[in-house]
Structures are given as structure tokens and as C-alpha cells.
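Here is how the chains run, residue by residue.
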Amino acid sequence: LILDEPTSGLDPLQIIGIRDLIQELAKEKTIIFSTHILSEVEAIADRIVIINEGKIVSQGTIAELTAEVRAQGETKRDLSLEDVFISLLLPKRKEKLQV
């Protein structure tokens, strides 16, 4: 099942219902969902694929992505998924601007 922004525009109770539905379906099916709302990713996803301009930047569990960012020298104590996302994409954006 492929979903694009499955909770966009929903009220809080509907969001909870959709999250529950996705997690229930995921027990037997593969669910792929696209979103820019990182709190939704944290609440639902087991594995994450970060794609930028059509190319995979990184993939793994939140713990694996966090470890990747730490290996690049990030010393901030607690890293949110937003911190991880920015750390993985910001150098690529800077490279693009310098070209």
C-alpha cells in the first residue's frame, strides 16, 4: 500500500485513527508512505528512506540514521529526527549551491 501524506488535513482524532490503521495493516502488508511531517514518521515508521531530488540520501531505522549522523561528527546530546534529517541534507544543499 502506498500513501502520500496520509494524515494531512485531518483533525487529531482522525490522525490517531489513521496511524492505528496503518500500524494494523503493516502487520501483514508493506506500507510505504511519503510525508514531510517528521513527527508522523517517528510515530508510524519502522524504517525510513530519506530521498532528496530523486536520490536516496540514507535509509534505516531512526537509531541507524542517528548513528550515521553521529559518525559524521554530530555531538549534540539528543538528536531528533529533524536534527538527523537536516544533518544529512544540509551538506548536500551547500554542495549544490557551490557548484
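Below you will find a few notes about this structure. Everything quoted here is computed from the prediction, not taken from an experiment.

So, how was this worked out
Residues numbered from 1 in each chain as written. Predicted model: local features only at pLDDT ≥ 70, side-chain atom pairs only at ≥ 80, totals over all residues. Heavy atoms only, no water. 1 Å grid on protein atoms, 1.4 Å probe; cavity = no way out; pocket = protein on both sides within 12 Å on 5 of 7 lines; lining within 4 Å. Points joined across faces, edges and corners; volume = space filled by probe spheres on them. Helix = DSSP H or I, 4+ residues; strand = E, 2+ residues; numbered from the N terminus. Core = buried A, V, L, I, M, F, W, Y, C linked by side-chain atoms within 4.5 Å. Buried < 20%, exposed > 50% of the residue type's maximum accessible area, 1.4 Å probe, protein only. Contact = heavy atoms within 4.5 Å. Expected span 1.5 Å × (residues − 1). Polar contact = N/O pair within 3.5 Å; in protein donor to acceptor, adjacent residues only side chain to side chain.

**Some details on the layout of surface pockets**
Next, step 1: Space inside the largest pocket adds up to approximately 800 Å³.
Next, step 2: What lines the largest pocket is a set of 25 residues, and nearest its centre among them are Phe33, Ala45, Arg47, Ile48 and Val49.
Next, step 3: Secondary-structure elements contributing two or more residues to the lining of the largest pocket are helix H1 (12-25), strand E2 (32-34), helix H2 (38-44), strand E3 (48-52) and helix H4 (81-98).
Next, step 4: When residues of the lining of the largest pocket are assigned to their parent elements, the largest contribution, five residues, is made by E3.

**Focus on the nonpolar core**
Next, step 1: In this structure, Leu38, Val41, Ile48, Ile50, Val57, Leu65, Val69, Leu79, Leu81, Val84, Leu88 and Leu89 together form the largest nonpolar core, which totals 12 residues.
Next, step 2: Contributions of two or more residues to this core are made by H2, E3, helix H3 (62-71) and H4.
Next, step 3: With four residues, the top contributor of residues to this core is H4.
Next, step 4: In this structure Leu65 touches Ile48, Ile50, Ser58, Gln59, Gly60, Val84 and Leu88, once residues within four positions along its chain are discounted.

**Observations regarding H1**
Next, step 1: In a regular helix each residue adds 1.5 Å, so 14 residues correspond to 20 Å; H1 covers 20 Å between its end C-alpha atoms and thus fits that length.
Next, step 2: The opening residue of H1 is Asp11, an N-cap whose side-chain oxygen sits 2.9 Å from the backbone nitrogen of Leu13.

**Quick notes on the environment of Pro6**
Next, step 1: Inspection of the secondary structure puts Pro6 in the loop between strand E1 (2-4) and H1.
Next, step 2: Residues Pro6 and Ile22 lie 16 residues apart in sequence; the distance between their C-alpha atoms is 9.4 Å.
Next, step 3: Residue contacts for Pro6: discarding those within four places in its chain leaves Ile18, Ile22, Phe33 and Ser34.

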